[in-house]
Amino acid sequence: MSTKPATREVIFSDKEKYIHSLILNTTSYPDIGLLYGKMGCSITFYIMSRNADEPHRPIYEMFARRIFDEVTSSITKNTPFNFAYGLCGIGWAVDYLISSNFIQGDSMVLLEEIDCSVMQINPMRLSQTLEYGLEGVLHYVLGHIVVCKRQSNVIPFDNDYLSELYKCALIRKDNSDTTELKKLCCAFVRYIETGIVDYTFDPIAFVDKEKVRSGMSVSSISLSKGLCGYLLIKAE
């Protein structure tokens, strides 16, 4: 009498469970933004692919690119300009991926429409926050200038906008709600006055590490407070 071979139970680590969950569920996620949506997921999988072993690397790269394409094709005239959910965060992510050699492309061309939308916003009317205000705008503007100068030595913003942002940064650098905003204002003022751009891309800086380690929601794909943030920390 023949017997069936015993099946071995496969036990996945928490990290593996989270990766599987993101691959299965991200495409149907409605938010396309950087901090709480699909663009954060794309960045996370690109970063994980760099140190992944051979069976996993092409899967991560393919998934990251698919989500990236979904994000860029989903931008509409109604997409908000802010860093958390909208254009500034998406544009920042594009420049980060170009600067890290994950994707190829001309930043000036790819982000031209985003630049036009951002320049329509009066920086003096913005809050100071990363998610919705000046801090997020400065992350995008400084990062974009870095990449465009490196690629073609061209500045993507017009002089009127740079002048308005400079006036705002001069005021806020001595009256900032956070040390990060103060640092960004000082970096932008220095750029306008000297032509030197002091900016480094760091997606992990946007992860709320305390929240991710102590009370992360496994139902959230968020780079800031959810699964993507957890995986980025693990990828450090």
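Nothing here was measured: the structure is a model prediction, and the numbers come from that model. (Residues numbered from 1 in each chain as written. Predicted model: local features only at pLDDT ≥ 70, side-chain atom pairs only at ≥ 80, totals over all residues. Heavy atoms only, no water.)

To continue, consider the overall build of the protein chain. Within the protein chain, the regular secondary structure consists of eleven helices and zero strands. Starting at the N terminus, the α and β elements of the protein chain follow one another as α-α-α-α-α-α-α-α-α-α-α. For the protein chain, the spread of C-alpha atoms along the principal axes amounts to about 85 × 35 × 30 Å. Among the 236 residues that make up the protein chain, the fraction classed as buried is 47%. Long-range contacts, defined as pairs at least 24 residues apart, comprise 63% of the intrachain contacts of the protein chain with a sequence gap of at least 6. Separation between the mean location of the 24 positive side-chain charges and that of the 28 negative ones in the protein chain comes to 4 Å. (Helix = DSSP H or I, 4+ residues; strand = E, 2+ residues; numbered from the N terminus. Buried < 20%, exposed > 50% of the residue type's maximum accessible area, 1.4 Å probe, protein only. Contact = heavy atoms within 4.5 Å. Lys, Arg positive; Asp, Glu negative; His and termini not counted. Charge placed at Lys NZ, Arg CZ, Asp CG, Glu CD.)

This part takes up the packing of aromatic side chains. Under the definition given, this model contains 17 aromatic pairs. Plain terms: the ring middles of Phe 157 and Tyr 161 are 5.8 Å apart, the flat faces sit at 40° to each other, and that makes the pair tilted. You'll find Phe 157 and Tyr 161 in the same group, each marked buried. When the centroid spacing of 6.2 Å and the interplanar angle of 50° are considered together, the rings of Phe 188 and Tyr 191 count as tilted. Of this pair, Phe 188 and Tyr 191 are both found in helix H9 (residues 179-194), three residues apart, which corresponds to roughly one turn of the helix. Phe 188 gets classed as buried once you look at its relative accessible area, which sits at 0%. When the ring centre of Phe 102 is taken as reference, the NZ or CZ atom of Arg 50 above it lies at 4.0 Å. (Phe/Tyr/Trp six-rings, centres within 6.5 Å; stacked < 30°, edge-to-face > 60°. Lys NZ or Arg CZ within 6 Å of the ring centre and 35° of its normal.)

Direction vectors running N to C along helix H7 (residues 134-152) and helix H8 (residues 159-172) enclose 130°, while the axes themselves pass 12 Å from each other. The angle between H7 and H8 places the two elements in the oblique class. Judged by the twist between their axes, the crossing of H7 over H8 is left-handed. Note on element contacts: H8 touches H7 through Tyr 161, Leu 165, Cys 168 and Arg 172, opposite Leu 134, Val 137, Leu 138 and Val 141. (Axes fitted to C-alpha atoms, helices over the stretch in contact; angles between N-to-C directions. Parallel < 35°, antiparallel > 145°, perpendicular 65-115°, else oblique. Left-handed = near helix turned anticlockwise from the far one by under 90°.)

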